[in-house]
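# Structural overview for review
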Amino acid sequence: MENKYRDLHELPVTLRVEDLMPILGIGRNTAYELIRSGQIRSVRIGRQIRIPREALLEFLRK
């Protein structure tokens, strides 16, 4: 999966798990594990999981 964002400033306010995978260079299972374990904060909207841009930036700063 290709990263469609060239810069962190281009990221949308919320990301899907599919967006997270190429940004971090990780697979689907790893992405869901980071979310499940709370290492990356997420928000549920109905059945969908969204990652706030700020939560990704926090994770990268750690």
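Placed above this text is the structure.
Our next topic: the packing of helix α1 (residues 17-24) against helix α3 (residues 53-61). It is the contact of α1 with α3, at a shortest axis distance of 12 Å, that shows an interaxial angle of 30°. Taken together, the axis directions place α1 and α3 in an arrangement best described as roughly parallel. Of the two possible hands of crossing, α1 and α3 adopt the one that is right-handed. Every residue of α3 that contacts α1 at Leu 20, Ile 23 and Leu 24 is listed here: Leu 56, Phe 59 and Leu 60. Grouping the amino acids of the contact of α1 with α3 by side-chain chemistry returns six nonpolar, no polar and no charged.

Moving on to the sheet that holds strand β1 (residues 14-15). Spatially, β1-β3-β2 is the arrangement adopted by the three strands of the open sheet, whose pairing is antiparallel. Strands with a single pairing partner mark the edges of an open sheet, and in this sheet they are β1 and β2 (43-45). Two elements, β1 and strand β3 (residues 48-52), share two bridges in a ladder whose sense is antiparallel. In the strand pairing of β3, Thr 14 is matched with Pro 52.

So, on to the environment of Met 21. With respect to the helices and strands, Met 21 occurs in helix α1. A residue is classified by how much of its surface remains accessible, and Met 21, at 12% relative accessible area, is buried. Distance from Met 21 to Ser 37, taken between C-alpha atoms, is 16 Å for residues 16 residues apart in sequence. In this structure, Met 21 is in contact with Ile 26, Gly 27, Arg 28 and Ala 31, ignoring residues within four places of it in sequence.

Right, let's get into the side chain of Asp 19. Note on placement: Asp 19 falls in helix α1. When neighbours within four sequence positions are excluded, Asp 19 is seen to be in contact with Lys 4 and Tyr 5.

In terms of nonpolar packing, the biggest core is built from 16 residues, with Leu 15, Val 17, Leu 20 and Ile 51 touching the most fellow members. For this core, the secondary-structure elements that each account for two or more residues are α1, α2 (28-36), β3 and α3.

A separate point is α3. Where α3 is concerned, the buried positions are Ala 55, Leu 56, Leu 57 and Phe 59. Packed against the buried residues of α3 are β1, α1, α2 and β3.

Rules used in this analysis
Residues numbered from 1 in each chain as written. Predicted model: local features only at pLDDT ≥ 70, side-chain atom pairs only at ≥ 80, totals over all residues. Heavy atoms only, no water. Axes fitted to C-alpha atoms, helices over the stretch in contact; angles between N-to-C directions. Helix = DSSP H or I, 4+ residues; strand = E, 2+ residues; numbered from the N terminus. Parallel < 35°, antiparallel > 145°, perpendicular 65-115°, else oblique. Left-handed = near helix turned anticlockwise from the far one by under 90°. Contact = heavy atoms within 4.5 Å. Nonpolar A, V, L, I, M, F, W, Y, C, P; charged D, E, K, R; others polar. Pairing = 2+ DSSP bridges. Buried < 20%, exposed > 50% of the residue type's maximum accessible area, 1.4 Å probe, protein only. Core = buried A, V, L, I, M, F, W, Y, C linked by side-chain atoms within 4.5 Å.

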